[in-house]
Structures are given as C-alpha cells and as structure tokens.
Amino acid sequence: MKNTDAIQAFLALGQESRLNVFRLIVQRGDKGLTPSQIIEKLGIPNATLSFHLKELVKADLLLVERQSRNLIYRPNAGLVQDLSGFLLENCCDGESCIPVKVLKKAKLA
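Read on for an overview of the structure. (Residues numbered from 1 in each chain as written. Predicted model: local features only at pLDDT ≥ 70, side-chain atom pairs only at ≥ 80, totals over all residues. Heavy atoms only, no water.)

1. Considerations on the overall build of the protein chain
Part 1: For the protein chain, the helix and strand inventory stands at 6 helices and 2 strands.
Part 2: Going from the N terminus to the C terminus, the protein chain shows its helices and strands as α-α-α-α-β-β-α-α.
Part 3: Considering the protein chain as a whole, with its 109 residues, one finds that 28% of them fall into the buried category.
Part 4: Taking the contacts inside the protein chain whose residues are at least 6 apart along the sequence as the reference set, 54% of them involve residues at least 24 apart.
Part 5: Per element, the accessible surface of the protein chain, about 8,100 Å² overall, is 53% carbon and sulfur. (Helix = DSSP H or I, 4+ residues; strand = E, 2+ residues; numbered from the N terminus. Buried < 20%, exposed > 50% of the residue type's maximum accessible area, 1.4 Å probe, protein only. Contact = heavy atoms within 4.5 Å. Areas by Shrake-Rupley, 256 points an atom, 1.4 Å probe, with all protein chains shown as cover.)

Here it is in structure tokens:
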C-alpha cells in the first residue's frame, strides 16, 4: 500500500459521521446496508449521507452494488486488511507482536 492510499482512507474516516457510517457497515459485513437502513440507524439526512457514502466509496473503503432498485454498501475487507498491514508493517522491530494492554486514563494521571 502506498502512503497516498492510506492517507486517502484516513482522510475519509477523519469525519465523525463518515466514521460512524463505516463502522455500522463493517458491523453488517457481507450483508451490507442500504442507505435507508443507515438513515434509520444513524438519523443522518439523506443528502448528507449520500455525500458521506460517496467519499467512502471514493476512498475505496466501501463497495457498492445495485440490487434491483436498492444500492447495497459493503465494507471493502481487502482494503481494511491492507490498511491494517500498512500500519503494522514495521511493528515490534520485526518480532512477533505481543498485544499491548491499554492503560486506563486514571492510571496515567
């Protein structure tokens, strides 16, 4: 994966509504969601949702398929895996990674 591809994906996810839409669609997996289902779940106005979906498709994070009169949006699992691999490519100095336990904010203070 090129830096420019990763940047495009992160820019698309860098807006709260788009991130929420993407996460909702990822939860549905291969079943996908129609725009009307997304509106029902998230309450995003149709015109706004259309813009966000266009940006996520443009960043290749979502795949869209027409089924009769409906558009079905699904996550592009391949790109998500590539993005994860890109982020972890040089992780742990080439050694097998041990999961890092996230400390609670209270412990950091």
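2. Brief notes about helix α2 (residues 16-28)
Part 1: In a regular helix each residue adds 1.5 Å, so 13 residues correspond to 18 Å; α2 covers 19 Å between its end C-alpha atoms and thus fits that length.
Part 2: Within α2 the residues assigned to the buried category are Arg18, Val21, Phe22, Leu24 and Ile25. For α2, the buried positions fall inside an angular range of 160° around the axis, keeping them on one side. Facing away from the buried side of α2 by over 90 degrees, the exposed positions are Glu16, Arg23 and Gln27.
Part 3: Residues of α2 that are buried in the fold lie against α1 (3-13), α3 (35-42), α4 (46-58), β1 (62-67), β2 (70-75) and α5 (77-88).
Part 4: Capping the start of α2, Gln15 holds a side-chain oxygen 2.8 Å from the backbone nitrogen of Ser17, two or three residues further along.
Part 5: One or two positions beyond α2, positive phi appears at Gly29, with a value near 60°. (Expected span 1.5 Å × (residues − 1). Arc of directions from axis to C-beta. Polar contact = N/O pair within 3.5 Å; in protein donor to acceptor, adjacent residues only side chain to side chain.)

3. Considerations on α4
Part 1: Between the first and last C-alpha of α4 there are 18 Å, a value that for 13 residues agrees with the 18 Å anticipated at 1.5 Å per step.
Part 2: Residues of α4 that are buried in the fold lie against α1, α2, α3, β1 and β2.

4. Let's talk about the pairing of β2
Successive side chains on a regular strand alternate, one facing one side of the sheet and the next facing the other.
Part 1: Relative to β2, β1 is paired through 6 bridges, and the arrangement is antiparallel. Bridging across to β2, Gln67 finds its partner in Asn70.
Part 2: What sits between the antiparallel neighbours β1 and β2 is a turn of 2 residues, in which Ser68 has the positive phi angle 55°. (Pairing = 2+ DSSP bridges.)

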